[in-house]
Amino acid sequence: MKKLERWLRQKKLNPKRVYMAVLALLFVCIIVAASIALLTPNNDKVRLTEDAELRTGPNAAYPVLYKVEEGDTFKILSRSGKWIEVASTDHKQKGWIAGWHTNLDIKEDVDPNARPLKNKVIVLDPGHGGGDQGASSRTGKKTLEKDVTLKTSLELKKRLEKEGAIVKLTRKDDTYVKLKDRKATGDIFISIHNDALESADANGATVYWYHKNQEALANTLNASIQKKALLTDRGSRQENYQVLRQTKKPAVLLELGYISNPTDETLINDKNHRYIVESAIVDGLKNYFLYQ
Ligand SMILES: [Zn+2]
């Protein structure tokens, strides 16, 4: 120490100042090292939560190099988006893996080519029928609810089948079906109706649900209908309807406009607007199955 102090004095340096500077430098180094340690994920390893493949690059379009198995552990080399470059501990296997197959908290990419409705069984229930005509108009158009609900359901059936869905109808023609028989085994149940009130002012679409497991479907469909259709938003509401109560599946009852309102009645009878509403229902169902 004495030698160092003598040497410093020879160099015209104040030993105290030099010690302080060295201490300050050490302090800064510690802070920097601690920050790096905190910001860098401390696990440089990744474990597979399911069987998967290592690919030559960071997306599913790259060729597969190896099949890898649930429980395998790899060293992380680098990352690109949701993909991770990994190497086996013996460095014999190296490649890219999708992050959602690992224990890292990475959500799966939604495949733009995915057909979320493929093989889903959708039960459509055209409201009323036969001697039960449902709501009727007060204008000269003489629109009957039972006719519009059947028309909408048959059009919607075609649209859903194009998406690969299997569609069941509770009625295919102008017949009366009891409420207790308005059910079928499927993934989703949709009852289709049009409202009516004494007052001609009431207008808009409402999406009803009853059981708690039906609420998410109702919210998704309501949002989708409101995004596209010209009907006023009456929201997604809980109501004790028999067709909803008697099923344990996600189910909704759609009131697609008021026949008693002249503006809504025009929309209900307009093929183009029905097409928009049906597209909105198809989109809503796709989103429901993609993100559930
Ligand atoms: Zn009805």
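Now for a look at the structure at hand. Quantities reported herein were computed from a predicted structural model and do not represent experimental measurements.

**Let's talk about the overall build of the chain**
So, point 1. Helix and strand counts for the chain stand at seven helices and twelve strands.
So, point 2. At 32 Å, the chain has a C-alpha radius of gyration far larger than the 19 Å of a compact globule built from 292 residues.
So, point 3. With the principal axes as the frame, the chain shows a C-alpha extent of 110 × 45 × 35 Å.
So, point 4. Per-residue burial over the chain gives 40% buried out of 292 residues.
So, point 5. Contacts in the chain between residues far apart in sequence, at least 24 positions, make up 70% of those at least 6 positions apart.
So, point 6. Across the chain, the mean location of the 48 positive side-chain charges is 10 Å away from that of the 37 negative side-chain charges.

**Here's the deal with the side chain of Thr 170**
So, point 1. Structurally, Thr 170 can be placed in the loop between strand S8 (166-169) and strand S9 (188-195).
So, point 2. For Thr 170, a relative accessible area of 15% gives the class buried.
So, point 3. Polar contacts involving the side chain of Thr 170 include one to the side chain of Asp 125, which spans 2.5 Å.
So, point 4. If we ignore the near neighbours within four places in the chain, the residues touching Thr 170 are Val 123, Leu 124, Asp 125, Pro 126, Val 177, Arg 182, Lys 183 and Phe 189.

**A closer look at the coordination of the zinc ion**
So, point 1. At 2.1 to 2.2 Å from the zinc ion lie its protein donor atoms, namely His 128 (NE2), Glu 145 (OE) and His 193 (ND1).
So, point 2. Counting along the primary sequence, the residues that act as donors to the zinc ion give the motif H-x16-E-x47-H. Residue His 128 is located in the loop between strand S7 (121-126) and helix H3 (145-162), and its partner Glu 145 is located in helix H3; the two are separated by 17 residues in the primary sequence. Glu 145 shares its class with His 128; the two are buried.

Criteria and thresholds
- Residues numbered from 1 in each chain as written.
- Predicted model: local features only at pLDDT ≥ 70, side-chain atom pairs only at ≥ 80, totals over all residues.
- Heavy atoms only, no water.
- Helix = DSSP H or I, 4+ residues; strand = E, 2+ residues; numbered from the N terminus.
- Rg over C-alpha atoms; globule rule 2.2 N^0.38 Å.
- Buried < 20%, exposed > 50% of the residue type's maximum accessible area, 1.4 Å probe, protein only.
- Contact = heavy atoms within 4.5 Å.
- Lys, Arg positive; Asp, Glu negative; His and termini not counted.
- Charge placed at Lys NZ, Arg CZ, Asp CG, Glu CD.
- Polar contact = N/O pair within 3.5 Å; in protein donor to acceptor, adjacent residues only side chain to side chain.
- Donors = N, O, S within 2.8 Å, 3.2 Å for Na, K, Ca; no water.

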